[in-house]
Amino acid sequence: MDVRAVVAYCLGMPGAQETYPFGDHVLVAKVGGKGFAFIGQEEPGSVAVKCGATKEEAAELRARHPGAVTMMDYLGRYGWNRVQLGAGVPDAELEELIDASYDSVVARLPKAKRP
């Protein structure tokens, strides 16, 4: 997947919103006001997603894809990883990671804010 495909996939989620709280170089896809994907706009691009309930679960993904998946700055200790696009993570697995991150955020939203 390239950056445009990741953006389209994320924004296709129910209730997803496109925001730029850190400037034009990072799109934050949000649902209910909470981010579920941080998408780096500079080529080749990257997407940071919540990759497990614990930092140990997130570490498992990094171990499976060394070099392609790294711990996200600042939020890595909470289970967030950055996936480098085009570096070997299969598209289907990337979509599953985005889905899981989205689902994790939606599950924690108050019912009134859920899509």
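Residues numbered from 1 in each chain as written. Predicted model: local features only at pLDDT ≥ 70, side-chain atom pairs only at ≥ 80, totals over all residues. Heavy atoms only, no water.

1. Overview of the packing of aromatic side chains
Here's step 1: One pass over the structure, following the stated rule, counts three aromatic pairs.
Here's step 2: Ring centres of Phe36 and Tyr102 lie 5.1 Å apart, and the angle between their planes is 85°; on these two criteria the pair is classed as edge-to-face. Here Tyr102 lies in helix 3 (residues 91–108) and Phe36 lies in strand 3 (residues 34–40), a separation of 66 residues in the sequence.
Here's step 3: Taking 5.3 Å as the distance between ring centres and 80° as the angle between the ring planes, the aromatic pair formed by Phe38 and Trp80 counts as edge-to-face. Note that Phe38 is positioned in strand 3 and Trp80 in strand 6 (residues 80–84), a separation of 42 residues in sequence.
Here's step 4: Put simply, the rings of Phe22, Phe38 and Trp80 touch in pairs and so form one group of aromatic residues. (Phe/Tyr/Trp six-rings, centres within 6.5 Å; stacked < 30°, edge-to-face > 60°. Helix = DSSP H or I, 4+ residues; strand = E, 2+ residues; numbered from the N terminus.)

2. A short note on the pattern of salt bridges
Here's step 1: In this structure the tally under the stated criterion is one salt bridge.
Here's step 2: The shortest N-O distance in the salt bridge between Arg64 and Glu93 comes to 2.7 Å. With Arg64 in helix 2 (residues 55–64) and Glu93 in helix 3, this residue pair connects regions lying 29 residues apart in the sequence.
Here's step 3: The exposure class assigned to Arg64 is exposed, which follows from its relative accessible area of 52%. (Salt bridge = Lys/Arg side-chain N within 4 Å of Asp/Glu carboxyl O. Buried < 20%, exposed > 50% of the residue type's maximum accessible area, 1.4 Å probe, protein only.)

3. Details of the pairing of strand 2 (residues 26–31)
Here's step 1: Along strand 2, five of the six residues are buried, which leaves the element largely enclosed by surrounding structure.
Here's step 2: Across four bridges, strand 1 (residues 16–19) lies against strand 2 in antiparallel orientation. Within strand 2, the position partnered with Glu18 by the bridge is Ala29.
Here's step 3: If you look at the hairpin formed by strand 1 and strand 2, you'll find six residues sitting between the two strands, and Gly23 has a positive phi there, around 110°.
Here's step 4: In this structure, strand 2 lies alongside strand 3, joined through six bridges in antiparallel fashion. (Pairing = 2+ DSSP bridges.)

4. With respect to the packing of helix 1 (residues 3–11) against helix 3
Here's step 1: At a minimum axis separation of 11 Å, helix 1 and helix 3 run at an interaxial angle of 35°. For the pair helix 1 and helix 3, the crossing hand works out as right-handed. Only Leu94, Glu95, Ile98 and Asp99 of helix 3 make contact with helix 1, whose side of the interface consists of Val6, Tyr9 and Cys10.
Here's step 2: Residues that form the contact of helix 1 with helix 3 fall into these classes: five nonpolar, no polar and two charged. (Axes fitted to C-alpha atoms, helices over the stretch in contact; angles between N-to-C directions. Left-handed = near helix turned anticlockwise from the far one by under 90°. Contact = heavy atoms within 4.5 Å. Nonpolar A, V, L, I, M, F, W, Y, C, P; charged D, E, K, R; others polar.)

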